2 protein chains.
Amino acid sequence: MTYANPDRRETISRLLNPKSIAVIGASSDFGKVNGRPLKHLIEKGYAGRILPVNPKYEEIAGLVCYPSIEALPEAADLAIIALPAAHVCDCVEKLGRKGIRTAVIFSSGFGEMGDEGKVLEKRLAETAKAARVILLGPNCLGFVNAFDNVYATFSQYADGETGAGPIAFVTQSGAFGTAIAALVRQRGLGLGYFLNTGNQADLSFAELMMAIVEDPRIKVAAGYLEGITDGDALVRLARKCQELGKPLILTKVGRMSSGARAAASHTGALAVSDAVFDAVVRQYGVLRARNEEQMLDMLEVFCQPRRACGSGLGIATQSGGAGVMMADRAEEVGLTVPELGAATQARLAAVMPAFGAAGNPVDVTGQFVARPELLTESVVSLLDDPDIDVAIVWLQLMTAHVEPLLGIFREIQQRTVKPFLVCWVAAPDAAIKGLRAADIPVYTAGERAVEAAAALARYGMQRKTSEDAVSPSGSPACPGTTGSGMQPTVEASSWLREAGIPMAHARLAESEDHAVALWRDSARPVALKIESPDIPHKTEIDGVILNIDDEAGIRSGYRALIERARTAMPDARLSGVLVQEMAEGHVELVIGVQRDPVFGMIVMVGFGGILVEVLKDVTFRRAPFDRSEAYSMLDDLRMSRILDGVRGKPAVDREAISLLLFRLSHWAAAMEPRLSELDLNPVLVGEAGPSVVDCVMILEE
Amino acid sequence: MTYANPDRRETISRLLNPKSIAVIGASSDFGKVNGRPLKHLIEKGYAGRILPVNPKYEEIAGLVCYPSIEALPEAADLAIIALPAAHVCDCVEKLGRKGIRTAVIFSSGFGEMGDEGKVLEKRLAETAKAARVILLGPNCLGFVNAFDNVYATFSQYADGETGAGPIAFVTQSGAFGTAIAALVRQRGLGLGYFLNTGNQADLSFAELMMAIVEDPRIKVAAGYLEGITDGDALVRLARKCQELGKPLILTKVGRMSSGARAAASHTGALAVSDAVFDAVVRQYGVLRARNEEQMLDMLEVFCQPRRACGSGLGIATQSGGAGVMMADRAEEVGLTVPELGAATQARLAAVMPAFGAAGNPVDVTGQFVARPELLTESVVSLLDDPDIDVAIVWLQLMTAHVEPLLGIFREIQQRTVKPFLVCWVAAPDAAIKGLRAADIPVYTAGERAVEAAAALARYGMQRKTSEDAVSPSGSPACPGTTGSGMQPTVEASSWLREAGIPMAHARLAESEDHAVALWRDSARPVALKIESPDIPHKTEIDGVILNIDDEAGIRSGYRALIERARTAMPDARLSGVLVQEMAEGHVELVIGVQRDPVFGMIVMVGFGGILVEVLKDVTFRRAPFDRSEAYSMLDDLRMSRILDGVRGKPAVDREAISLLLFRLSHWAAAMEPRLSELDLNPVLVGEAGPSVVDCVMILEE
């Protein structure tokens with residue numbers, strides 16, 4: 001059976017804010033997994049009806065306990081299932097019959113437990129679908145909706161203070177997620193929602209986050225991921241967050257190969273290449289935090305309402321050395337530390353006559369203890385400077401001066417509109433609490449404050465992803481061929497040329513004489529290349545001869561290539577030899593399209609030759625994308641300076657390369673049903689722009 | 001006047017542990033800079049005599065206050081000077097006359113305050129030398145010797161608990177240093193010494209650290225640096241620490257250009273290239289911490305007595321995701337996460353039957369709450385595995401289980417000898433305190449624990465720097481020439497060839513006919529290169545023609561080079577044209593020697609061509625060094641895989657390149673008085689080994 005999406009959405013809302021909750025397999029032992037949700041719901045003051053189900057009890061903690069699902073007095077909005085795995089499917093069926101439409105399944109013993117568990121999980125998903133029950137889990141520790149005191153969880157997090165706040169946090173890991181939730185509490189930031197997806201037999205990370213991020217009480221979305229399967233859903237979520245103006249901060253583990261090994265043994269989720277994941281989520285405006293500390297640091301800065309409009313960082317510091325360290329880090333993470341304008345310098349000189357021309361960082365020394373205006377005026381002047389978009393104030397200890405300092409910071413806040421962060425090393429607790437109470441983000445290490453400021457700047461400067469990148473006119477939908485497998489170079493080139501990709505001119509010679517004629521016709525030096533549907537990598541069989549410009553060379557070259565191919569691959573079908581005009585260019589790129597199992601068509605660009613092999617200096621975007629996104633790909637490359645001309649070579653035209661990438665992305669998107677792989681390698685870029693010298697295109701039916 | 005070093009050393013000891021302290025310009029206001037040392041000395045129970053000096057008082061806090069230095073009843077071991085800058089020189093003279101041999105100068109207004117201040121500081125240094133007074137400062141906040149309750153400081157650090165411990169900490173920054181000292185206290189680690197060098201008019205960072213690191217109560221040395229001037233002293237200190245088996249952990253600010261700008265405005269210290277600093281301190285076994293958090297993380301792991309013997313990391317985790325994250329980070333920072341041996345797997349399977357083959361990370365889940373042996377046996381098994389050198393245990397919260405967990409960790413400690421670290425995210429305070437009390441390092445973030453483990457591994461695996469690297473036999477001391485400036489290529493080549501450097505064969509042709517004769521003599525293709533003492537960069541004037549193998553080519557080439565040189569640089573003295581046999585090699589290196597103002601002769605190696613220009617993929621060592629140090633340089637290069645053969649090219653002989661670097665380092669060290677600069681660029685490396693194709697050598701008288 002099927003249900004329409006609006007229904008599903010409404011049902012998910014009921015799951016997240018139920019008027020009544022049945023706890024299947026409830027225990028009177030509040031220390032146990034099946035007792036803890038009862039404890040939390042009661043203690044935290046859940047206002048709805050709590051309906052324990054367990055034939056062993058008649059009541060638990062004063063609540064009527066029902067012997068079975070059938071015996072329940074109503075179709076509860078939500079059921080919590082804390083039964084052994086073997087009984088869960090049966091239970092879900094009964095929920096469906098009772099008209100209970102949502103369930104949180106704590107039980108483990110499913111997909112995470114080998115092949116048998118996977119079979120059981122598949123049956124569970126099918127059962128739930130048939131019974132029209134939406135599932136969170138299994139193998140999850142449930143969720144918290146702190147706004148409405150819904151504690152459908154056995155997480156340790158619920159044992160402490162859990163005041164509601166502006167953060168929506170969804171985690172695929174129970175243990176790590178609980179740790180992060182506890183860190184949010186330690187920081188005095190508030191979680192509005194805390195959801196653990198578990199095995200995602202039904203509800204996934206993206207669908208859950210989509211359901212809560214629209215809540216107006218939520219200002220920031222944070223997610224912890226171990227793997228994803230539905231890239232489209234994640235992209236839709238990221239776009240929704242952009243639309244809402246709410247930052248989406250993601251931590252995903254599994255960057256390296258040993259991590260991937262550990263991940264493979266830990267989760268069944270599809271392993272997407274981390275480089276692709278990273279590039280694609282950034283493309284759609286996601287802020288990626290490398291670990292839980294960085295996530296918390298970002299949450300803190302985005303929980304306060306001010307946003308940065310640029311990358312200029314002003315630093316006021318009590319220690320010159322700390323200023324140097326922060327300026328260094330700023331440069332590493334994409335901020336600038338601008339020299340200050342004359343007006344700002346004059347204002348600073350007026351408060352700090354002894355210091356002469358005051359630079360950035362501004363060294364306020366420790367004298368502000370005696371002269372508070374030193375600090376106030378320095379920071380206000382910094383923030384008033386047109387080149388400064390965000391400021392950091394660094395200080396340390398000051399145990400005896402917390403109150404006056406809090407006053408200074410509140411005054412700065414009143415007199416300015418741009419964001420500023422405080423880094424207070426070895427801060428007294430009262431200082432940290434006081435600043436957070438005033439909505440001023442506070443850090444205890446300088447480099448971490450800089451990284452948070454960088455996230456703020458990145459977020460402020462990001463271009464909104466255009467909802468539908470405009471397709472370049474004249475881009476063909478799909479070549480007419482019905483073939484599959486590797487396509488003949490001449491045909492593949494002509495399709496790409498039609499899409500506006502600058503392909504080097506090549507024709508197929510089916511005989512030695514034909515090759516000579518084609519060379520004469522081109523009237524310039526040519527390359528000869530073996531052509532066969534069975535030989536994707538021509539150079540591996542020595543199947544390319546460059547720069548021939550005489551008839552004897554063409555003839556001997558033709559024969560040599562056919563001979564080499566027959567020797568190296570006797571069974572290969574030989575179509576002939578390509579006669580291609582020599583392309584020119586001093587920069588060698590590799591460009592490609594791959595079909596990612598998670599995100600679909602992905603366009604790659606990087607530097608070719610030794611650089612792609614040893615440095616892996618490549619970047620990715622999800623197709624299609626617009627020209628400025630294409631342009632930004634070139635900035636991603638670590639060696640991008642090569643494009644500006646090095647060692648006496650002229651700069652190449654970045655716009656022309658961007659146009660190629662842009663057109664390719666639209667062609668690839670249109671080809672999604674059929675394109676399996678495309679390699680443009682090498683692409684030579686000279687003063688005349690890029691020219692694709694070789695291409696391998698693989699289609700499927 | 002001069003004094004012998006042993007005297008100086010003894011005097012420094014007296015400064016650090018004085019039997020009596022005079023406080024010049026003492027105040028009865030214990031909140032003031034000139035009152036705070038009195039307060040600290042009294043409150044912390046300094047056992048020596050405290051002698052305030054100030055004509056305004058007859059007594060302060062029950063201590064007799066003397067009207068003048070002359071009036072003091074004894075020559076105190078130490079004087080603290082808290083006077084305005086203008087009075088300091090006079091005061092130091094009086095100290096000398098009184099026989100007081102050491103002084104800590106709090107006063108600012110010296111080198112940090114522009115040219116006038118620099119003049120005053122120079123006078124101070126001269127005055128002190130003449131008066132035979134050793135100085136700490138000026139512009140410093142003094143020092144603490146916590147073992148003997150010597151608080152010659154006005155640092156806020158002294159306001160709190162200051163129990164003595166195994167760490168010696170010397171800082172060039174007062175404010176940042178105080179912050180770090182406070183963080184050490186927050187962590188419950190103990191500072192034995194805390195010294196602030198200030199402007200280093202006399203005592204420098206290295207000399208001070210050298211004086212305290214030998215104290216047997218000190219186990220770890222930590223330093224915060226903003227700049228250094230005496231590289232030799234730092235190298236001696238690093239070697240001393242290696243000899244003593246005490247880790248030396250350094251944080252130095254000023255990695256990037258904006259940081260360097262800030263540093264330049266902040267400190268007068270010589271700005272050494274950070275890349276050279278980094279390479280040289282690592283060469284001598286220093287552990288560099290990138291910021292104060294990493295320094296603290298390293299201090300924590302080195303304060304416990306266990307050391308790692310290799311890089312194998314074992315991970316036991318309550319969260320699979322945290323395990324993945326730590327495994328990722330491990331790979332990034334040079335650790336391995338080995339798969340476990342069969343015996344270990346069997347042991348793990350015995351405690352965790354449900355989990356089948358147990359990998360590394362070991363996912364112990366949360367079940368150890370019910371079954372403590374799960375955790376104990378997992379970690380003990382990991383540490384018993386021969387491929388594991390250090391382990392990390394990850395867990396979170398567990399507020400209700402702190403005591404049993406502490407018991408588990410103590411049991412693990414008793415049953416093992418290898419180091420293990422605990423990462424306890426959102427840990428209850430009691431957990432952190434309990435672990436530290438048991439000498440078990442504890443972290444609250446997984447990646448930071450991994451970085452600390454990596455430092456432990458790096459320290460354990462480091463080769464001791466050989467006290468005197470053996471000079472290769474036959475290495476010449478110094479060429480006989482007395483010339484200065486750029487040396488003729490043929491002569492420079494012959495000196496280097498004598499030192500065992502494989503120089504491509506080149507001879508100087510002084511006429512066209514001579515060039516033809518030299519080409520005939522070599523009987524192979526040659527390159528022609530303009531030779532002039534005024535043209536160091538031949539390619540810039542198009543002064544190189546490659547691969548000529550016919551008489552007409554030699555003749556026209558010769559004429560063309562002379563013509564180009566005359567056109568481009570009419571005033572250049574032309575010596576003729578070099579005729580050089582074409583060298584072969586598919587790997588292009590640049591090798592050089594530079595005289596660093598701080599560290600002396602520095603040997604550099606990197607990949608040439610576009611790579612050196614865009615990637616700056618180079619590394620450095622201080623000369624001389626031994627062959628294994630030379631070999632390690634090649635591993636430093638990010639693109640080192642090129643040496644192993646990429647894109648079908650054969651591997652090159654790393655030993656042969658190392659031999660070149662080793663010999664060059666000894667030649668450079670011997671040439672230190674005269675060599676100003678040497679560029680070997682390019683060095684082509686082929687199957688026959690390296691060949692230096694071009695060299696520019698600049699000598700000075």
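Criteria and thresholds
Residues numbered from 1 in each chain as written. Chains lettered and ligands numbered in written order. Predicted model: local features only at pLDDT ≥ 70, side-chain atom pairs only at ≥ 80, totals over all residues. Heavy atoms only, no water. UniProt positions renumbered as here; feature names shortened; annotations may be inferred. Helix = DSSP H or I, 4+ residues; strand = E, 2+ residues; numbered from the N terminus. Contact = heavy atoms within 4.5 Å. Domains from an automatic or database assignment. Buried area = accessible area lost by both parts, 1.4 Å probe. Salt bridge = Lys/Arg side-chain N within 4 Å of Asp/Glu carboxyl O. Nonpolar A, V, L, I, M, F, W, Y, C, P; charged D, E, K, R; others polar. Polar contact = N/O pair within 3.5 Å; in protein donor to acceptor, adjacent residues only side chain to side chain. Pairing = 2+ DSSP bridges. Axes fitted to C-alpha atoms, helices over the stretch in contact; angles between N-to-C directions. Parallel < 35°, antiparallel > 145°, perpendicular 65-115°, else oblique. Left-handed = near helix turned anticlockwise from the far one by under 90°. Disulfide = S-S within 2.5 Å. Buried < 20%, exposed > 50% of the residue type's maximum accessible area, 1.4 Å probe, protein only. Expected span 1.5 Å × (residues − 1).

**Description of the UniProt feature "domain: CoA-binding" (unreviewed entry) in chain A**
Link 1 in the chain: As recorded in UniProt, the feature "domain: CoA-binding" (unreviewed entry) lies at residues 15-110 of chain A.
Link 2 in the chain: Helix makes up 22% of residues 15-110 of chain A and strand 23%, and the two end C-alpha atoms of the span are 22 Å apart.

**A few points about the side chain of A:R36**
Link 1 in the chain: Along the polypeptide, A:R36 turns up in helix α2 (residues 36-43).
Link 2 in the chain: Discounting chain neighbours no more than four positions away, the residues touching A:R36 are A:F30, A:G31, A:T153, A:F154, A:S155, A:Q156 and A:D159.

**A closer look at the domain arrangement of chain A**
All names here are of chain A.
Link 1 in the chain: Under the domain assignment, chain A is made up of domain 1 (5-300), domain 2 (304-461), domain 3 (505-581) and domain 4 (587-699).
Link 2 in the chain: Each of domain 3 and domain 4 has a C-alpha centre, and the two are 26 Å apart.
Link 3 in the chain: Of the roughly 310 Å² buried where domain 3 meets domain 4, counting both sides, 43% is carbon and sulfur surface.
Link 4 in the chain: The largest contributions to the domain 3 side of the interface with domain 4 come from K529, P536 and Q580, which together make up 71% of the buried area.
Link 5 in the chain: The partner of D694 in a salt bridge is K529, with the nearest N and O atoms 4.0 Å apart.
Link 6 in the chain: Along the lines of polarity and charge, the residues of the side of domain 3 that touches domain 4 split into one nonpolar, one polar and two charged.

**Side note on the interface of chain A and chain B**
Link 1 in the chain: Taken together, the contacts link 77 residues of chain A with 75 residues of chain B.
Link 2 in the chain: Taken over both partners, the interface formed by chain A and chain B buries close to 6,000 Å², and the fraction arising from carbon and sulfur atoms is 57%.
Link 3 in the chain: Here chain A and chain B share six salt bridges between them.
Link 4 in the chain: We note a salt bridge from A:R290 to B:E447, for which the minimum N-O separation is 2.8 Å.
Link 5 in the chain: The tally of links between chain A and chain B comes to 16 residue pairs in polar contact (both at pLDDT 80 or more).
Link 6 in the chain: Ranked by the residues each element gives to the side of chain A that touches chain B, the list is headed by helix α11 (residues 320-332) of chain A, at ten residues.
Link 7 in the chain: Its residues placed into classes, the side of chain A that touches chain B shows 35 nonpolar, 22 polar and 20 charged.

**Focus on unusual backbone geometry**
Trans is the prevailing form of peptide bonds, just as negative phi is the prevailing case for residues other than glycine.
Link 1 in the chain: Look at the link from A:N681 to A:P682: it is a cis peptide, with omega at 0°.
Link 2 in the chain: One can find A:P682 in strand β28 (residues 675-686).
Link 3 in the chain: Between B:A623 and B:P624 the backbone carries a cis peptide bond, its omega angle lying at -5°.
Link 4 in the chain: With respect to the secondary-structure elements, B:P624 resides in the loop between β27 (618-622) and α21 (627-636).
Link 5 in the chain: A positive phi angle is found at A:N149, which is not glycine, with a value near 55°.
Link 6 in the chain: Within the secondary structure, A:N149 sits in the loop between β8 (142-145) and β9 (150-153).

**Some points on the sheet that holds strand β18 (residues 420-425) of chain B**
Residue and element names in this part refer to chain B.
Link 1 in the chain: In spatial order, the strands read β16-β15-β17-β18-β19; together these five strands make up an open sheet with parallel pairing. Among the strands making up the open sheet, the edge pair consists of β16 (362-363) and β19 (442-443).
Link 2 in the chain: Where helix α14 (residues 402-415) meets the sheet, its contacts fall on β17 (390-396) and β18, and the angle it forms with β18 comes to roughly 165°.
Link 3 in the chain: Strand contacts of helix α16 (residues 446-461): β15 (313-317), β17, β18 and β19, with the helix running at about 165° to β17, the strand carrying the most contacts.

**Structural notes on the packing of helix α5 (residues 174-186) of chain A against helix α10 (residues 292-303) of chain A**
When two helices pack together, their arrangement is given by the angle between the helix axes and by the axis-to-axis distance.
All names here are of chain A.
Link 1 in the chain: Relative to each other, α5 and α10 sit at 40°, their axes nearing to 10 Å. Here α10 runs oblique to α5, going by the angle between their axes. For the pair α5 and α10, the crossing hand works out as right-handed. Here α5 contributes F176, I180, L183 and V184 to the contact with α10, which in turn contributes E292, M295, L296 and L299.

**Let's talk about the state of the cysteines**
Residue and element names in this part refer to chain A.
Link 1 in the chain: Within the structure shown, the criterion is met by zero disulfides over all chains.
Link 2 in the chain: Not part of a disulfide, C91 finds its nearest cysteine sulfur in C89, a span of 9.7 Å.
Link 3 in the chain: According to the relative accessible area criterion, C91 is buried, its value standing at 3%.
Link 4 in the chain: C140 takes part in no disulfide bond, and the closest cysteine sulfur to it belongs to C91, at a distance of 14 Å.

**Topic: the pairing of β15(B)**
Residue and element names in this part refer to chain B.
Link 1 in the chain: When you tally the buried positions in β15, you get five out of five residues, the bulk of the element.
Link 2 in the chain: The side-chain alternation of β15 yields two buried faces, one formed by L313, I315 and T317 and the other by G314 and A316.
Link 3 in the chain: Looking at chain direction, β15 and β17 are connected through five bridges and run parallel. Paired with I315 across the bridge in β17 is I392.
Link 4 in the chain: Examined bridge by bridge, β15 and β16 share two bridges and lie parallel to one another. Note on β16: the bridge partner recorded for A316 is V362.

**Structural notes on the pattern of salt bridges**
Opposite charge on two side chains makes pairing possible when the charged atoms of those side chains draw close.
Residues and elements named next belong to chain B.
Link 1 in the chain: Applying the stated criterion to the full structure yields 95 salt bridges over all chains.
Link 2 in the chain: Between K240 and E243 there is a salt bridge, and its shortest N-O distance comes to 3.6 Å. In this pair, K240 and E243 both sit in helix α7 (residues 231-244), three residues apart, roughly one turn of the helix.
Link 3 in the chain: Linking R347 and D384 is a salt bridge whose minimum nitrogen-to-oxygen distance equals 2.9 Å. Here the residue R347 occupies a position in helix α12 (residues 342-351), and D384 occupies one in helix α13 (residues 372-384), the gap between them amounting to 37 residues.
Link 4 in the chain: With relative accessibility at 41%, the residue D384 sits in the partly exposed group.

**With respect to helix α5 (residues 174-186) of chain B**
Residues and elements named next belong to chain B.
Link 1 in the chain: Here α5 contains 13 residues, and its C-alpha end-to-end distance of 18 Å stays within 8% of the 18 Å for a straight helix at 1.5 Å per residue.
Link 2 in the chain: A large share of α5 lies buried, amounting to eleven of its 13 residues.
Link 3 in the chain: Every buried residue belonging to α5 is among G174, A175, F176, G177, T178, A179, I180, A181, A182, L183 and V184, and all of these are buried.
Link 4 in the chain: Phi turns positive one or two residues past the end of α5, at G188, with a value near 80°.

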